[in-house]
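Coordinate inspection notes
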Amino acid sequence: MKTSLFRLKKMAVLLLAVAPVCGPAAAGELGDVLHAALDHPAVAARKRQVEGAESDLSAATTQYFGRGSLTADRTRYENQRVVGIYVPGQTAPLYKDDAIIRYGVSYALPVDVFGVIAAAREKFRNNLAAAQLLARQETLLRLHQAGSAYVRKQALQAQADALRVQRERVEASAERVRKEAELGRAAEIDVRLAQSEVARLSADEARLKGILGETRADLIDASGIDPEISSPHIPVPEWNPLDADATLSARLAEAKARAAEAGASEVRRNLLPSFSLGADYYNNRGGGGDMDTWSLTGRVSVPLDAGAYLRSSAEGARALAAEDDRRAALRAAQHQIAALRSAYDSARADAAALEKEIAYRSEVVEVDQERWRLGAQTLENLLRQRRDLLDAQYRLADARARAAAAWSSAQVLAGEEPETYIAQWDKS
């Protein structure tokens, strides 16, 4: 028994020595998965939306420069008309023709007295900020999906490895009991007990296989790849402090609220008079003459549209709703931070306790295995100790995966830079 315990302790020392070496390999595989997730089509779609929002802002800015048009037209009349330019006091004959051709250019420059264009630019600027935040959110969600699926696969692989070792030991015990029963040195009930344990482990293997298939599908959906797990080391980065006001959801809600308020302001200002300056130049040809005309204009326009007042009221209501959404998002962020921190701390504490439990139970199983071999322990108690050890190994892998997933969710909530997110995985 002392020799067996010495071998167990020696094996534990070797495993501790190998674990740090396995870590970087796993980090490299995880890094490949995370970088592959950056190429997800949903991420590309969000980037296209950012480009569209940038174009909207540029278009709103160019309204300050006004707009012009080039004109070319030909008009034909039923009979001859005066097609020349008449000026009071003119003594030269007037040009007459049944058709006139005109070429020209006109230009109108708005005078943004009441800030309509400025309000529109503010709206599109906040729409752009919201689009950028949504793009980052989509990227982080895909990274979270890929990272969580990878660590779940690691946990399932660790559970499968522990289950395989347990199955091998139980099958060896079952074979020994079967032979002893044939020789009359063991009861038939012990054979049935060992066989039922083997059947239970077979069911566990089938269940793990199904969960692994789902996890692999999730991993492929997020990253497009499904690498083999070379190390059972599950990385769990250190927790980063979070501020509810700086979370991605709070910033996104704030950008939407500001865009809604700017939109309401734009509609309200459109109810006020608008001012513009204009100029045009035309070349007129008809009746054998070639005549040039030009003009400068100043325009004041007063809107008389009852529907515009109703639209202004609707936009104001939407702005108030967006502000309520902003406050609700801030409150939800505070709740999520507390919940994720609690889940993270609980999972890490659970993992630390389970590591000690596994070390103790491994010694118990080793001792009971020797006692059973010597006939001082029942097979039922030995199998129960093995089941407890396997359960602790299961829960340890699950606890580490839960801690990693909680940390990853917190990074999505915080709106972390994607490259920083990946780098923190690599360092753990």
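What counts, and where the lines are drawn
Residues numbered from 1 in each chain as written. Predicted model: local features only at pLDDT ≥ 70, side-chain atom pairs only at ≥ 80, totals over all residues. Heavy atoms only, no water. Helix = DSSP H or I, 4+ residues; strand = E, 2+ residues; numbered from the N terminus. Buried < 20%, exposed > 50% of the residue type's maximum accessible area, 1.4 Å probe, protein only. Polar contact = N/O pair within 3.5 Å; in protein donor to acceptor, adjacent residues only side chain to side chain. Core = buried A, V, L, I, M, F, W, Y, C linked by side-chain atoms within 4.5 Å. Contact = heavy atoms within 4.5 Å. Pairing = 2+ DSSP bridges. Axes fitted to C-alpha atoms, helices over the stretch in contact; angles between N-to-C directions. Phe/Tyr/Trp six-rings, centres within 6.5 Å; stacked < 30°, edge-to-face > 60°. Salt bridge = Lys/Arg side-chain N within 4 Å of Asp/Glu carboxyl O.

1. A short note on the environment of R178
Here R178 is to be found in helix α3 (residues 116-182). Take R178: its relative accessible area is 32%, and that puts it in the partly exposed class. Only 2.5 Å separates the side chain of R178 from the side chain of E175, close enough to count as a polar contact. Side chain to side chain, R178 and E182 meet in a polar contact 2.5 Å long.

2. Some details on the nonpolar core
L34, L143, Y421 and W425 are the most contacted members of the largest nonpolar core, which has 38 residues in total. Of all the secondary structure elements, the ones that give two or more residues to this core are α1 (2-37), α3, α4 (188-223), α6 (306-373), α7 (379-414) and α8 (418-427). Ignoring sequence-local partners within four residues, the contact set of L34 consists of L143, A146, G147, Y421, I422 and W425. Grouped together as the second largest cluster of nonpolar side chains are 18 residues, A174, A194, L379 and L390 included.

3. Some details on the sheet that holds strand β2 (residues 96-111)
The strand order across the open sheet built from four strands is β1-β2-β3-β4, with neighbouring strands paired in antiparallel fashion. At either margin of the open sheet sits one strand with a lone partner, and together these are β1 (67-82) and β4 (289-301). The average undirected angle you get between the axes of adjacent strands in this sheet is 20°. Looking at chain direction, β2 and strand β3 (residues 274-286) are connected through 11 bridges and run antiparallel. The residue of β3 that forms the bridge with Y107 is A279.

4. What to know about the pairing of β2
Where β1 lies against β2, 12 bridges are found, and the strand directions are antiparallel. By the bridge assignment, A72 is partnered in β2 with Y103.

5. A look at the packing of aromatic side chains
Tallying each qualifying case throughout the model produces five aromatic pairs. Note on W239 and Y344: the rings are 5.2 Å apart at their centroids and 45° apart in plane angle, and the pair reads as tilted. Separated by 105 residues along the polypeptide, W239 in the loop between α4 and α5 (248-269) and Y344 in helix α6 bring together distant segments of the chain. In terms of burial, W239 and Y344 fall into one category: buried.

6. A word on the pattern of salt bridges
The tally for this structure, following the rule as stated, stands at 40 salt bridges. Salt-bridge contacts for D161 lead to R164; the nearest nitrogen and oxygen are separated by 3.0 Å. With D161 and R164 both in helix α3, this residue pair falls three residues apart, about one helical turn. Look at R164 and you get partly exposed, because its relative accessible area is 41%. E315 is the salt-bridge partner of R318, the closest N and O atoms lying 3.0 Å from each other. Placement of both R318 and E315 in helix α6 is noted, with a separation of three residues, approximately one turn of the helix. With relative accessibility at 49%, the residue R318 sits in the partly exposed group. E315 gets classed as partly exposed once you look at its relative accessible area, which sits at 25%. A network of salt bridges, in which partner residues are shared, links E357, R361, R384, D388, D391 and R395.

The analysis is restricted to geometry; functional conclusions fall outside its scope.
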